[in-house]
Every structure is written in C-alpha cells, then in structure tokens.
Amino acid sequence: MWFSSIKTTAGSLLGLEISPTGIALAQIRRSPDHSPRLLQCHFREAVPAQHCAVLKSMVSESGLDGLPVNLVLHPAEYKMLLLECPDVPAEDLGAAMRWRIKDLISEPLEDLVVDAFALPADAYRGRSRMAFCAVLDKTRMQGWSTLIDKAGLKLASIDVTEMAMRNLGVLAGAENQTIAVLRLRSTGGLICVQHGADLYMARAIEHGLEQAGPNFSSATLEIQRSLDYFESQLGKGHINRLLLLPMKRDGKDALEALASRLTVKLRALDLRDLFDGQPAAQLDEQTQASCMTAVGAALRQTVA
C-alpha cells in the first residue's frame, strides 16, 4: 500500500501492528533458497499512552535497531472502500481514486492519505473493473512515523490488514487455489478471498465473538453469505479452503461450530504449521492471535 523505500523480496523485514491493547512485532527473514524464517514474534500489552516507550523497549531488547518495518494498520484506523476502478496506470490509481472519494467522505481531502489497489481483471466476471481504496488520517500517519523513528526503526511501508491476511494465505498454500482467510475478534471480523496472491474479496464481519449468537449461528450465517456472494458474483467459483486465524478466546468452540455448519472445508491456521520446526513459532493460540497480522505484514514482498 503506502510508500515503500526498500526492496523487501529478500533479507529481513519487521511486521508491526499497534492496536488499542498492545504492540505486536514479528521478524521474517527471506532467502532465495529457503522458505521464510520467523526469527522473532512478540506481543506486549500497552495502552496508547505507553506505545512509544513499549515499542522502544521491545526493539532494544530484541536487537532490532535500524531494521526496516512494514506497519500494518489496525482495522479501526482506516476506511476501506470498494469502488469502480478508473482506466489509469497502476501508479496513478491512488491519485485518481482520491478525487473519486471526495463526495463519499466527510473529512477534507487535504487531511487524508489515500491509496488503492485494483482487483484482478476477471473479478466480477469482467463486468466492471473494481478497486479497493484505503483512506487514512494524515495526522495519524505522521504520528506512527514519528513513533517508529523514536523507537530506532525505519518505516519502509504501511499496509492494511487485508494485505497482511493475503500474505498469510500465500504462505499457507494459496498458489493455484482459491482460499478464504477469516479473522474473528470480539466485536467483528474480516474475511478475505484470494486466488494465489491476487485478492478478490474483502468483507467485514459484523458479528464478532460477542455477537456470534448461540453456537456461533449469527457469525456462521454472515460468513456463509459472504462465501456464497463470492462464488455467485465473482469470477473464481468454488473456494477450496477457509483458514481460521487464531483467536484470543473460544477458538476451539468456534472452529467446531463453523466446521459443522459452513459448506466449505475449514481448518485452523497455526504459526507452528506455517513455520514448521521454527522456535519463534512455538506460541500459544492467544499469543498467535495477537501477532498473526504482524507476521503477515513481515511477509510483505512488494517492491516500490
């Protein structure tokens, strides 16, 4: 998404998520001859007033000073809009979408940072080319940049949760397959569908764990509707697998309930499987739930 000043197809990259409850930090190393290695993965609870001090401490304690970082935004920090894609080169898409959204938002354009990425050409069966447009408050972006700089890191890029989940799907085996990745939290969730590295759909799930209903019935209905919409309206048909990201609570119950009611093959996504035999991945489900999107951010391969 937003600016990138380094090549991240090889070498070490940090993924960082700063949420209202704490900070997740993951380090991935890539090399041409090996699968990605998870070198470190940490979560530390912190309220917003503690973020600067806690991040600085995490960086110092883990010996990460000076490393490039890809910041993945918590979903509450940005707006994601699905709009018709203008006929412009990819490098001009963000600027073109900036003017397209001016009547859809209440904030002045000069106070916002806007970026966009197009869906694949065969999405929506070629009827209309669509694009996702992410909108972020400029002051918030500047604040994160300052925080990361004070912690001794180099801000290389900023991503959205949708792209971090896409990266996890790629590592989990999305090549030549259509898979969905599902994240459920207390007050909501997100489901993303991809074919290989191409993201086709991203939809918010309103019924989080607190509103899931008896036996997760409300959440199940909403998830199934999203899957049905994809298979009927977009161009890739059958979804091969649905991957459920780790959860801070109710993980086993949710997996069993969803597996018995959804029409798609469902399995839990576990860092211990993604990074088989790697010590940094030996984390309990609650810690994984806090760190998973930071890991996805560290898997970024985009080159500016």
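Calculation criteria
- Residues numbered from 1 in each chain as written.
- Predicted model: local features only at pLDDT ≥ 70, side-chain atom pairs only at ≥ 80, totals over all residues.
- Heavy atoms only, no water.
- 1 Å grid on protein atoms, 1.4 Å probe; cavity = no way out; pocket = protein on both sides within 12 Å on 5 of 7 lines; lining within 4 Å.
- Points joined across faces, edges and corners; volume = space filled by probe spheres on them.
- Helix = DSSP H or I, 4+ residues; strand = E, 2+ residues; numbered from the N terminus.
- Nonpolar A, V, L, I, M, F, W, Y, C, P; charged D, E, K, R; others polar.
- Salt bridge = Lys/Arg side-chain N within 4 Å of Asp/Glu carboxyl O.
- Buried < 20%, exposed > 50% of the residue type's maximum accessible area, 1.4 Å probe, protein only.

S.K.: Teacher, can you tell me more about the layout of surface pockets here?
M.R.: In this approach a probe as big as a water molecule rolls over the atoms, and the regions it shows empty are the leftover space. For the largest pocket, the calculated volume is near 840 Å³. Surrounding the largest pocket, 42 residues form its lining, Pro75, Arg185, Gly188, Gly189 and Leu190 being those nearest its centre. For the lining of the largest pocket, the elements supplying multiple residues, two or more each, are strand 1 (11-19), strand 2 (22-31), strand 5 (78-84), strand 9 (178-185), strand 10 (188-195), strand 11 (198-205) and helix 8 (285-298). The dominant element in the lining of the largest pocket, judged by the number of residues it contributes, is strand 11, at six residues. When grouped by side-chain class, the residues that make up the lining of the largest pocket number 26 nonpolar, nine polar and seven charged.

S.K.: Before we go on, may I ask you to explain the pattern of salt bridges in this structure?
M.R.: Two side chains that carry opposite charge are able to pair once their charged atoms sit near each other. The tally for this structure, following the rule as stated, stands at eight salt bridges. The residue Glu17 makes a salt bridge to Arg183 at a minimum N-O spacing of 3.6 Å. Separated by 166 residues along the polypeptide, Glu17 in strand 1 and Arg183 in strand 9 bring together distant segments of the chain. For Arg183, a relative accessible area of 6% puts it in the buried group. Here Arg300 ties to Asp159 by a salt bridge, and the two come within 3.1 Å at their closest N and O atoms. Here Arg300 is found in the segment after helix 8, whereas its partner Asp159 is found in strand 8 (residues 154-160), with 141 residues between them in sequence.

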